[in-house]
Each structure stands twice: as C-alpha cells, then as structure tokens.
Amino acid sequence: MTPEIKSHYNYPEVIHWIQTKGQELYGNEFKIIENDHQVIYQLIAYFLKEDQACAQLDITINKGILLSGPIGCGKTSLMNIMRYLTPIQHKFMIKPCRDISFEFIHDGYTVIHKYTKGRLYESDPKIICFDDLGLENNIKYYGNECNVMGEILLSRYDLFIAKNIQTHITTNLSASEIEAQYGNRVRSRMRAMFNLIAFNKSTPDKR
C-alpha cells in the first residue's frame, strides 16, 4: 500500500501524466502497474525536489539515484521520462554503459575525463545517468585492461564530494554483484553517492 504523500502535488495525477508521457514515447503498451507505485513515488518526490516528501519516503535529496531491478522492469524508460519532470537545473543526460566501453576502445582514457570533468572547454561537469551498469566489459586499450565504469564512478564520487554534482545509475546488479564486478572501494563510495530505489525481484518483464 503506497502511503499518502505530503506534497503540493497530487501524486496519482503525476503517475497518470507519467503513463501518458510513456505512451507518447514508447507506445500504448506502456503501462504503470500498481505494484510499481512505491518506486515511482520515490522517483517523483526526488525529481520534483520535494524535501518533505523525500524525507517521508526515505530519500536524501542531494544524493543521486541508483535504480535497480530485474531485466525489463522499466528502469531506463522511467529515468528517461523523469528528465521531463525534473526542474531545468537538475536535467540530466542518459548514457548506456556499453556505449562508453566502446568509446573507450576508440578514444582511450580521455573517455573517463569526458564523463567526469566534462569535455574540453565545457565550464561544468554534467549530471549523468549511466544506464545498465554491469553490461559493459573490462576493455583493453593498447594492451592495458581498464574497468572503465569503475574508474568513472570513483571520479564521479570526487565530483559529488567537491561540487555536489549528482550521478544516477540503472542496473540489474545486486549490491554483492556490484562489489564483485567493481570492488569494495567503488561499492563503499556508491553508498555515499546514491539513494537505492529497487523494484521487487519478482517484477515481470514488461517488454
């Protein structure tokens, strides 16, 4: 049962808007099911930057979002829709982790700089959602193997501490799988960087 949210917004109406936007972007098959309301309420409170609602839903407003859940539960679609909901100063781009690994093959270590400090001549680093963390592979560049996303996350942690710039992530991995793939150092920093919002493991594949 989803709690009644103390808010200036009508959350059931916002969910209806999300479903309408989802159908506009992904077709009429896009549906918000009631079992997902708790997860979506947390996302709404966070991306509308509602302090009282975030406190009620155990969300820390200055951290990023780590949205986890089984394959096909709608993580990427929801994060894309949230870009239309959040205030302009908190807008973010979505970047698939697999694409970053392919960029690393082509461009090498400059890719890590690109997704942390920003491109050359950009004044500020950007808020980024790294999509499908864990699907990328360790990549070799001129014979040197690199855990690209692990390095990016460590640098994004430094950005978070120094400049309070958030990072968002979607992943199918559990906490123990994240530690196995990226190491304890990355996992410990992720605890400081992210609000964990998790779909139920039994959430069906909606594709």
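Predicted model, so just to flag it, every value in this text is computed and none were measured. (Residues numbered from 1 in each chain as written. Predicted model: local features only at pLDDT ≥ 70, side-chain atom pairs only at ≥ 80, totals over all residues. Heavy atoms only, no water.)

**With respect to the overall build of the chain**
What counts here: Helix and strand definitions follow DSSP, with helices as H or I runs of at least four residues and strands as E runs of at least two, each counted in order from the N terminus. Partly exposed residues are those whose accessible area sits between 20% and 50% of the maximum for their type, while under 20% is buried and over 50% is exposed, using a 1.4 Å probe and protein chains only. Any two residues whose heavy atoms approach within 4.5 Å are treated as being in contact. All accessible areas in this document rest on Shrake-Rupley with a 1.4 Å probe, and a residue is counted as covered only by the protein chains that are shown.
Of the regular secondary structure elements, the chain holds nine helices and seven strands. Expressed as a percentage of its 207 residues, the buried residues of the chain come to 45%. Counted over contacts in the chain with a minimum sequence separation of 6, partners at least 24 positions apart contribute 76%. Carbon and sulfur atoms make up 50% of the accessible area of the chain, which totals about 11200 Å².

**Description of the environment of Tyr26**
Short version of the rule: Any N or O atom pair separated by 3.5 Å or less is treated as a polar contact, with the protein-specific requirement of one donor-capable and one acceptor-capable atom, and with residues adjacent in sequence counted only for side-chain atom pairs.
When you line up the elements, Tyr26 lands in helix H1 (residues 11-26). Overall, Tyr26 belongs to the partly exposed group, its relative accessible area being 37%. With 51 residues separating them along the chain, Tyr26 and Ser77 place their C-alpha atoms 8.2 Å apart. If we skip the residues at most four places from it in the chain, Tyr26 touches Ser77, Asn80 and Ile81. Within the structure, Tyr26 has its side chain in polar contact with the side chain of Asn80 (distance 2.9 Å).

**Observations concerning the pattern of salt bridges**
Pairing is possible between side chains that carry opposite charge, provided their charged atoms lie close to one another. Where we set the bar: For salt bridges, the criterion is a side-chain nitrogen of Lys or Arg within 4 Å of an Asp or Glu carboxyl oxygen.
By the definition in use, this model includes four salt bridges. As a salt-bridge pair, Glu24 and Lys21 come within 3.1 Å of each other at their nearest N and O atoms. Here Glu24 and its partner Lys21 are both found in helix H1, three residues apart, which amounts to about one turn of the helix. Glu179 is paired through a salt bridge with Arg187; the nearest N and O atoms lie 2.6 Å apart. The class for Glu179 is partly exposed, based on a relative accessible area of 27%.

**Describing the side chain of His168**
Inspection of the secondary structure puts His168 in strand S6 (residues 167-171). Judged by its relative accessible area of 2%, His168 is buried. A distance of 3.0 Å separates a polar side-chain atom of His168 from the backbone nitrogen of Ile65. Once residues lying within four places of it in the same chain are set aside, the contact partners of His168 are Tyr46, Phe47, Gly64, Ile65, Met79, Phe92, Ile127, Ile128, Cys129, Phe130 and Phe194.

**As for the nonpolar core**
Heads up, the rule is: For our purposes a nonpolar core is just a set of buried Ala, Val, Leu, Ile, Met, Phe, Trp, Tyr and Cys residues, chained together by side-chain atoms within 4.5 Å.
Counting residues in hydrophobic clusters, the biggest one holds 35 residues, and the most contacted among them are Ile18, Leu43, Ile44, Phe47 and Leu67. Those elements that place two or more of their residues in this core are H1, helix H2 (37-47), helix H3 (51-56), strand S1 (64-68) and helix H4 (75-85). Among the elements that line this core, the one with the most residues is H2, at eight residues. Leaving out residues up to four positions away in the same chain, Phe47 has contacts with Ile65, Met79, Met82, Leu85, Thr86, Pro87, Phe92 and His168. One finds Leu133, Ile152, Ile169 and Leu173 within the second-largest nonpolar core, a separate group that totals 25 residues.

**Concerning the sheet that holds strand S3 (residues 128-133)**
Stated formally: Pairing between two strands requires that DSSP report at least two bridges joining them. Axis angles are defined between N-to-C directions and span 0 to 180 degrees, where every axis is a line fitted to C-alpha atoms and, for a helix, only to the segment in contact.
With parallel pairing, five strands are arranged side by side in an open sheet as S2-S3-S6-S1-S7. At either margin of the open sheet sits one strand with a lone partner, and together these are strand S2 (93-96) and strand S7 (194-198). Averaged over all pairs of adjacent strands, the angle between strand axes in this sheet comes to 20°, irrespective of strand direction. By the bridge criterion, three bridges tie S1 to S6 in an arrangement that is parallel. Within the sheet, the bridge partner assigned to Leu66 lies in S6 and is Ile169. Running over the sheet, H4 touches S1, S2, S3 and S6 and is turned about 155° from S6.

Function cannot be read off these values alone, since they describe shape.
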